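A structural walkthrough
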Amino acid sequence: MKHLQVAVGIIRNASKEIFLAQRSASSHMANMWEFPGGKIEADESAAEALKRELLEETGIEVTAAEPFEIADHTYDDLRVTLHFFIVEGWNGEPYGREGQPMRWVPQAQLVAAEFPPANIPIVSRLLAEINR
Ligand SMILES: Nc1nc2c([nH]c(=O)n2[C@@H]2O[C@H](COP(=O)(O)OP(=O)(O)OP(=O)(O)O)[C@@H](O)[C@H]2O)c(=O)[nH]1
Ligand SMILES: [Mg+2]
């Protein structure tokens, strides 16, 4: 089975809102909401891939990112290892640079069912941490 290593950015502003983007209708996990990110290339670290993908997909230059969790998930025909980072420093203002719909959501109001199944434990952790 194909196995992808993926770098993912949980972009969080000072108001504890998180930037979400909608996956395209033609992609894996079509139309679901996601944290921006993408595949780690062979010559990259997870942090390097995060910087490249967030620039490509949201237009920001990441200046501060902390590893949050590494999550493994197997879909029907695809295995993914997701390297999640909390991103709290950047230059620019994130937007859907590839034309994808986007929105800011208060961390306490994230809805796990809007995300690909691999994200459910991460969304649960984000909800638990903000409600502590
Ligand atoms: N970016 C991102 N990908 C996720 C998340 N959760 C999750 O299961 N994935 C899966 O991770 C895989 C790779 O992510 P991606 O499609 O963003 O990769 P990419 O930007 O390099 O795609 P590309 O091939 O269109 O350039 C996809 O199968 C996607 O469904 C998430 O929160 N964010
Ligand atoms: Mg992507």
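See the structure above.
These remarks concern the structure in this document.

Analysis parameters
- Residues numbered from 1 in each chain as written.
- Chains lettered and ligands numbered in written order.
- Predicted model: local features only at pLDDT ≥ 70, side-chain atom pairs only at ≥ 80, totals over all residues.
- Heavy atoms only, no water.
- Pairing = 2+ DSSP bridges.
- Helix = DSSP H or I, 4+ residues; strand = E, 2+ residues; numbered from the N terminus.
- Core = buried A, V, L, I, M, F, W, Y, C linked by side-chain atoms within 4.5 Å.
- Buried < 20%, exposed > 50% of the residue type's maximum accessible area, 1.4 Å probe, protein only.
- Contact = heavy atoms within 4.5 Å.
- Phe/Tyr/Trp six-rings, centres within 6.5 Å; stacked < 30°, edge-to-face > 60°.
- Lys NZ or Arg CZ within 6 Å of the ring centre and 35° of its normal.

1. Thoughts on the sheet that holds strand 2 (residues 17-22)
- Pairing in this open sheet of three strands is antiparallel, and the strands run 3-2-7 from one edge to the other. At either margin of the open sheet sits one strand with a lone partner, and together these are strand 3 (33-34) and strand 7 (102-106).
- Bridging between strand 2 and strand 7 involves five bridges; their strand directions are antiparallel. Each residue of the ladder has a partner; that of Leu-20, found in strand 7, is Arg-103.

2. A few points about the nonpolar core
- Core analysis: the largest hydrophobic core is formed by 23 residues, its most contacted members being Ile-10, Leu-20, Phe-35, Phe-84, Leu-110, Ile-122 and Leu-126.
- At the level of elements, strand 1 (2-11), strand 2, strand 5 (61-74), strand 6 (78-91) and helix 2 (120-130) are the ones that each hand at least two residues to this core.
- Per element, the largest residue contribution to this core is five residues, and it comes from strand 6.
- Each residue touching Phe-35, except ones within four places of it in the same chain, is listed here: Val-8, Gly-9, Ile-10, Ile-18, Phe-19, Leu-20, Phe-84, Phe-115, Asn-119, Ile-122, Val-123 and Leu-126.
- Listed in part, the 14 residues of the second largest apolar core include Phe-19, Ala-21, Val-62 and Trp-90.

3. Let's talk about the packing of aromatic side chains
- In total, this model carries four aromatic pairs according to the counting rule given.
- Here the aromatic rings of Phe-35 and Phe-84 are separated by 6.3 Å at their centres, their planes lie at 85°, and the arrangement is edge-to-face. On the criterion of sequence distance, the pair formed by Phe-35 in the loop between strand 3 and strand 4 (37-39) and Phe-84 in strand 6 is long-range, its members being 49 residues apart. Comparing Phe-35 with Phe-84, the two get one shared label, buried.
- Ring pairs connect the aromatic residues Phe-19, Trp-90 and Trp-104, which therefore count as one cluster.
- The ring of Trp-33 carries Arg-103 above its face, with NZ or CZ at 4.4 Å from the centroid.
- Of note, Arg-125 hangs over the ring of Phe-68, and the distance from its end group to the ring centre comes to 3.7 Å.

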